[in-house]
Amino acid sequence: MDLREHARRSSEAAFCLTRHRLFRSARHIACYLPNDAELDPTGVMAKAWAMGKTVYLPVLSIHHHNHLHFLPYAPGDKLLPNRFGIPEPVSRGRGMVKLTRLDLVLTPLVGFDAQGGRLGMGGGFYDRSFAFLRRRQAWRKPRLLGLAFEVQKSPLALPGQPWDVPLDGVVTESGVQMVRDSAEK
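*Asks:* Help me out: how do you make sense of a nonpolar patch on the surface in this one?
*Replies:* Taken together, the side chains of Val110, Leu119 and Met121 present a nonpolar region at the surface, about 280 Å² in accessible area. On the basis of relative accessibility, which here comes to 38%, the residue valine 110 falls in the partly exposed class.

*Asks:* How do you make sense of the pattern of salt bridges when you look at a structure like this?
*Replies:* When their charged atoms lie close together, side chains carrying opposite charge are able to pair. A complete count under the given rule lists 5 salt bridges for this structure. Put simply, arginine 9 and glutamate 173 hold a salt bridge, and the shortest N to O gap is 3.4 Å. With arginine 9 in helix 1 (residues 3-18) and glutamate 173 in the loop between strand 10 (169-172) and strand 11 (175-178), this pair connects stretches of sequence that are 164 residues apart. Per residue, the accessibility class of arginine 9 equals that of glutamate 173, and both read buried.

*Asks:* How should the sheet that holds strand 3 (residues 68-73) be read in this particular structure?
*Replies:* Across a sheet, strands are paired by hydrogen bonds formed along the backbone, either parallel or antiparallel in direction. Read from one edge to the other, the open sheet built from 7 strands follows the order 3-2-1-6-9-10-11, with strand pairing classed as mixed. Edge positions in the open sheet fall to strand 3 and strand 11, since each of these has one partner strand only. Direction aside, neighbouring strands of the sheet carry axes that sit 30 degrees apart on average. Looking at chain direction, strand 6 (residues 104-108) and strand 9 (residues 143-147) are connected through 5 bridges and run parallel. Within strand 9, the position partnered with valine 105 by the bridge is leucine 144.

Here is what the cut-offs are and how they apply
- Each chain carries its own residue numbering, running from 1 in the direction its sequence is written.
- Restriction of local features to residues with pLDDT of at least 70 applies here, the model being predicted, together with a cutoff of 80 or more for giving and counting side-chain atom pairs; totals for whole chains, interfaces and linings are based on all residues.
- In computing side-chain values, all of the structure's heavy atoms are included and hydrogens and water are not.
- A patch consists of residues exposed above 30% relative accessible area that lack any salt bridge, with like charges linked at up to 9 Å and nonpolar side chains (Val, Leu, Ile, Met, Phe, Trp, Tyr) linked at up to 5 Å.
- In short, Shrake-Rupley with a 1.4 Å probe defines the accessible areas, and a residue's cover is counted only from the protein chains shown.
- Here, a salt bridge means any side-chain nitrogen of Lys or Arg that lies within 4 Å of a carboxyl oxygen of Asp or Glu.
- With a 1.4 Å probe rolled over the protein chains alone, any residue whose accessible area is under 20% of its type maximum counts as buried; one over 50% counts as exposed, and the rest are partly exposed.
- Here a strand is any run of E in DSSP of at least two residues, a helix any run of H or I of at least four, and the numbering for each starts at the N terminus.
- Pairs of strands are assigned from DSSP output, requiring at least two bridges between the strands.
- Between N-to-C directions, angles cover 0 to 180 degrees, with each direction set by a line fitted to C-alpha atoms, over the stretch in contact for helices.

Note that all results are geometric; they support no functional claim without further evidence.
And the structure:
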C-alpha cells in the first residue's frame, strides 16, 4: 500500500485500540517503532502519553539470546539503532521494567490468524521473552495484542510451534479482535 494508505490505516487502528478497555485501563504499555512497513503505533503512543500512561520500547537483550527487555520511552528521548538498525531507547540510568509490570504489549506482525497465532519476523524474540505466559492458567499479565493490517490476516490457521505464545487479540484498522477467552475476563 502507498504511504498515504499506510498512514490512514495505521491511524484507524490506533483509534480503535485507544477506545478499547484494555488500552484505557492499562498504565504501562509496551509499543514498538515501525520497521519494514509494519503498522505504525505512534498514534497509540501519543494518546498514551496524553493520558499519562508510561510507554516502553523493546531493547535487544545483551545477556539472553533473542530476548527483549523494555525501557521507558518519552518524546525526545535519545534512540540508537540496534544490530538490526531498529532504534532503541538509551538507558541513561533508567532500569528495564519487569515484564509482569507491563499491562499491555503491542507486537508487530507479519501475519495472524483468527486463533491468535502470529507470524513475526522469525527471530522468536516475543515468544522467548513472554514464554512465562504459556504456563499461566488464570491470571494473564501482560496482555499481548498484535498490530497488523486486515490484509495480513490468514484465512487458515498458521502453523504453530510448542514455544509460540498466542496473542490475546489483534488490532487492525477494522477494530480490536479478541481471540482468547481469558483476555475478556
